[in-house]
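Here is what each chain is made of, one letter per residue.
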Amino acid sequence: MVEVRKLGVIGAGLMGNGIAHVAALAGVPVALVDVNPAALQKALATIDKNMERQTTRKVIPEGAKEAAQALITTGTDYALFADCDLVIEAATENEEIKKKIFASLCPLLKPETLIASNTSSIPITRLGAATDRPGRFVGMHFFNPVPMMALVEVIRGLATEEPTVAAVKALAERMGKTVVEAADYPAFVVNRILCPMLNEAIFALMEGVGDVRSIDAGMKLGANHPMGPLELCDFVGLDTLYSVLKVLHEGLGDPKYRPCPLLAKYVEAGWLGRKSGKGFYDYSTTPPTPTR
């Protein structure tokens, strides 16, 4: 089994900076790479703010923030991954972009280096086949926000070797996460179940079964969910939800996974949820105002 002494992370967005955050707190040196230098600066600021909050709430001890931040190196060049034992790809949920990343990445890695994808839905077997090391390729799906969410889904592709699975499970547990193994079917376990529910909430909104407030309040009070489904859609990102549903629909061929037309319209409008400032709620007001 490969021991992960240094970790690489591709993508400094919400997921990438969260993975770097928990890895560094676990004492693992991290190389965080993004094509956009501004994204790296934003990621470091986010990590600092989140670790400061953890310190204030005594989730982590005094001094842990500074020690962890000292373990994070950033840059725009994949050459930073030359001495990494595992590289986690946390780029946008687009298969062609991920494959282009792997094509540039693989020649720069040690032969024994493992690669994991944080994809929430794309088949691991197919992504692994686009690399030079399908046996050392695995799915390692974290959940947002990474520092708070306890789960990691580990997904083995058809060619994934057992030592690869053992290594990423050991790393996830070192990060304080609980591992659930999932088979390589579209959207794996959590999103296979969750995303159709969110999609159904959008259909209910489109068909006038209820408005935004009534749908969210109904599920929070009637099903004891901590967050309403439309509020959760905004938190996840409507573009991400749309991508996962398309993977489910195309991969399984079942019309029950068809993305709601209203979801498509919101994505086309650029109303992607919290990250764009507007989705099923408008976040320019306090409290946020329903947009429908």
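Refer to the structure printed above.
Residues numbered from 1 in each chain as written. Predicted model: local features only at pLDDT ≥ 70, side-chain atom pairs only at ≥ 80, totals over all residues. Heavy atoms only, no water.

## Here we look at the environment of Arg156
Working step 1: Here Arg156 is to be found in strand S7 (residues 151–156).
Working step 2: Its relative accessible area of 28% is what places Arg156 among the partly exposed residues.
Working step 3: Arg156 sits 81 residues away from Gly75 along the chain, and the two C-alpha atoms are 29 Å apart.
Working step 4: Excluding residues within four positions of it along the chain, Arg156 makes contact with Ile124, Val138, Glu162, Val165, Glu181, Ala182 and Asp184.
Working step 5: In terms of polar contacts, Arg156 uses its side chain to reach the side chain of Glu181, at 2.8 Å. (Helix = DSSP H or I, 4+ residues; strand = E, 2+ residues; numbered from the N terminus. Buried < 20%, exposed > 50% of the residue type's maximum accessible area, 1.4 Å probe, protein only. Contact = heavy atoms within 4.5 Å. Polar contact = N/O pair within 3.5 Å; in protein donor to acceptor, adjacent residues only side chain to side chain.)

## Some thoughts on the pairing of strand S1 (residues 7–10)
Working step 1: With burial as the criterion, each face of S1 is covered, one bearing Leu7 and Val9 and the other bearing Gly8 and Ile10.
Working step 2: In this structure, S1 lies alongside strand S2 (residues 30–33), joined through four bridges in parallel fashion. Bridging from a neighbouring strand, Val9 pairs with Leu32 of S2.
Working step 3: Of the crossover connections in this fold, the one passing from S1 over helix H1 (residues 14–25) to the parallel S2 is right-handed.
Working step 4: Summarising the sheet, S1 and strand S4 (residues 86–89) pair through four bridges and their orientation is parallel. Bridged to Leu7 within S4 is Leu86. (Pairing = 2+ DSSP bridges. Right-handed = clockwise from strand over helix to strand, strands pointing away.)

## Observations regarding the pattern of salt bridges
Working step 1: Per the counting criterion, the structure on display carries 17 salt bridges.
Working step 2: Across the salt bridge formed by Glu162 and Arg156, the nearest N and O atoms sit 2.6 Å from each other.
Working step 3: Here Lys265 makes a salt bridge to Glu268, at a shortest N to O gap of 3.7 Å. Linking Lys265 with Glu268, this pair stays in helix H11 (residues 261–269), spanning three residues, or about one helical turn.
Working step 4: By relative accessible area, Lys265 is classed as exposed at 54%.
Working step 5: On the basis of relative accessible area, Glu268 is assigned to the exposed category, the value being 60%.
Working step 6: Salt bridges sharing common partners tie together Arg156, Glu162, Lys169 and Glu181. (Salt bridge = Lys/Arg side-chain N within 4 Å of Asp/Glu carboxyl O.)

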